[in-house]
Amino acid sequence: MYRCSGHLPELHTERLWLRKLRKQDSAAIFQVWSDPAVTKYMNIESMHSKEDAEEMIELLDECSQNEEGFRFAIIEKSSGKIIGSCGFNNWQLEGAFRGEIGYELASSHWRQGFMTEAVTAMLNFGFTTMELNRIEALVDPRNDASAKLLSSLSFTCEGILRQLQYTSTGYKDMQMHSLLFEEWKYLRK
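The structure presented is a predicted model; accordingly, all values stated were derived computationally and were not measured. (Residues numbered from 1 in each chain as written. Predicted model: local features only at pLDDT ≥ 70, side-chain atom pairs only at ≥ 80, totals over all residues. Heavy atoms only, no water.)

A.B. asks: Give me the lowdown on the pairing of strand β8 (residues 170–180), citing residues and values where you can.
C.D. replies: With eight of its eleven residues buried, β8 lies for the most part within the structure. Pairing geometry for strand β7 (residues 156–167) and β8, over eight bridges, is antiparallel. By the bridge assignment for β8, Gln165 is matched with Lys172. (Buried < 20%, exposed > 50% of the residue type's maximum accessible area, 1.4 Å probe, protein only. Helix = DSSP H or I, 4+ residues; strand = E, 2+ residues; numbered from the N terminus. Pairing = 2+ DSSP bridges.)

In structure tokens form, the structure reads like this:
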């Protein structure tokens, strides 16, 4: 059974390097998490300081140590710059063998295929290393770009979960998208 214990492997794609977020990444990731265009559909507000990013990275590190979730920094190989993050917000192995992914990308890198590469790497990791049967993504129904990304990776939109999340603007409905191991395996043939 998969155990994170606060340690994440490095994942590589053609253009990206995914590794565990570190405290020293706070200035770079703050640039992403402080952009209202990026956080518009996330369950967090835009950050106001590098210290906010440091606190979030520390929280994410605790989550990885407690087997509750983990986050990768997304690094563009050609520039060496952090352009976003992605990871598993949570997972459940015994009984369900499911995990929920989350991701965001600097607006300067939108519509260039970077997130497709990053999510594909996470799917490979989730289905092979973590041995998940089901990978889910919760998406704000207004976030067409995220829904299209998941659809392009063969996720199925299962419907709306009403008032699933509470944010500073009140309760929000969320779309549930999923991909099953057998579907992923079939697509890789």
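A.B. asks: A description of the packing of helix α1 (residues 26–33) against helix α3 (residues 50–65) should follow, citing residues and the corresponding values.
C.D. replies: At their nearest, the axes of α1 and α3 sit 8 Å apart, and the two run at 105° to each other. Considering their axes alone, α1 and α3 lie roughly perpendicular with respect to each other. Seen from α1, the contacting residues are Ser26, Ala27, Ile29, Phe30 and Trp33; seen from α3, they are Lys50, Ala53, Glu54, Met56, Ile57 and Leu60. Here the contact of α1 with α3 is built from residues that sort into eight nonpolar, one polar and two charged. (Axes fitted to C-alpha atoms, helices over the stretch in contact; angles between N-to-C directions. Parallel < 35°, antiparallel > 145°, perpendicular 65-115°, else oblique. Contact = heavy atoms within 4.5 Å. Nonpolar A, V, L, I, M, F, W, Y, C, P; charged D, E, K, R; others polar.)

A.B. asks: Summarise helix α4 (residues 114–129); cite the residues concerned and give the values.
C.D. replies: Between the first and last C-alpha of α4 there are 22 Å, a value that for 16 residues agrees with the 22 Å anticipated at 1.5 Å per step. Buried residues of α4: Phe114, Met115, Glu117, Ala118, Val119, Ala121, Met122, Leu123, Phe125, Gly126 and Phe127, and no others. Glu131 sits one or two positions beyond α4 and adopts a positive phi of about 60°. (Expected span 1.5 Å × (residues − 1).)

A.B. asks: Provide a residue-level description of the nonpolar core, including the pertinent values.
C.D. replies: Core analysis: the largest hydrophobic core is formed by 37 residues, its most contacted members being Tyr2, Leu18, Phe70, Phe88, Ile101 and Val119. The dominant element in this core, judged by the number of residues it contributes, is α4, at nine residues. Leave out the neighbours within four places in its chain, and Ile101 touches Gly87, Phe88, Asn89, Val119, Met122, Ile135, Glu136, Ala137, Leu150 and Phe155. (Core = buried A, V, L, I, M, F, W, Y, C linked by side-chain atoms within 4.5 Å.)

A.B. asks: Can you break down the layout of surface pockets residue by residue, with the values?
C.D. replies: The calculated volume of the largest pocket comes to roughly 1300 Å³. In terms of lining residues, the largest pocket is bounded by 43 residues, among which Met42, Gly102, Tyr103, Glu104 and Asn143 are the most central. Mapped by element, the contributors of at least two residues to the lining of the largest pocket are α2 (36–39), α3, β3 (70–76), β4 (81–92), β5 (98–105), α4, β6 (134–139) and α5 (144–152). Looking at the lining of the largest pocket, the element that brings in the most residues is β5, giving six residues. Grouping the constituent residues of the lining of the largest pocket by class yields 24 nonpolar, twelve polar and seven charged. (1 Å grid on protein atoms, 1.4 Å probe; cavity = no way out; pocket = protein on both sides within 12 Å on 5 of 7 lines; lining within 4 Å. Points joined across faces, edges and corners; volume = space filled by probe spheres on them.)

A.B. asks: Can you explain empty space enclosed by the protein? Please cite residues and give values.
C.D. replies: Here the structure, examined in full by the defined rule, presents one cavity of 30 Å³ or more. Taken as a whole, the largest cavity holds about 50 Å³ of empty space. Lys20, Leu21, Ile57, Leu60, Asp61, Ser64, Phe70 and Arg71 together form the lining of the largest cavity. Contributions of two or more residues to the lining of the largest cavity are made by α3 and β3.

A.B. asks: If you had to explain α1 to someone new, which residues and values would you point to?
C.D. replies: Within the span of α1, buried status applies to Ser26, Ile29, Phe30, Val32 and Trp33. Within α1, the buried residues cover an arc of 160° as seen down the axis, which keeps them to one side. Those residues of α1 that are buried are in contact with α2, α3, β4 and β5. (Arc of directions from axis to C-beta.)

A.B. asks: I'd like a description of the pattern of salt bridges, backed by residues and values.
C.D. replies: In this structure the tally under the stated criterion is eleven salt bridges. The closest approach of N and O atoms between Lys23 and Glu58, which form a salt bridge, is 3.6 Å. Taken together, the residues Lys23 in the loop between β2 (16–20) and α1 and Glu58 in helix α3 connect sequence positions 35 residues apart. Given the relative accessible area of 46%, Lys23 is considered partly exposed. Owing to a relative accessible area of 39%, Glu58 belongs among the partly exposed residues under this scheme. Each of Arg98, Arg134, Glu136 and Glu158 takes part in a single network of salt bridges with overlapping partners. (Salt bridge = Lys/Arg side-chain N within 4 Å of Asp/Glu carboxyl O.)

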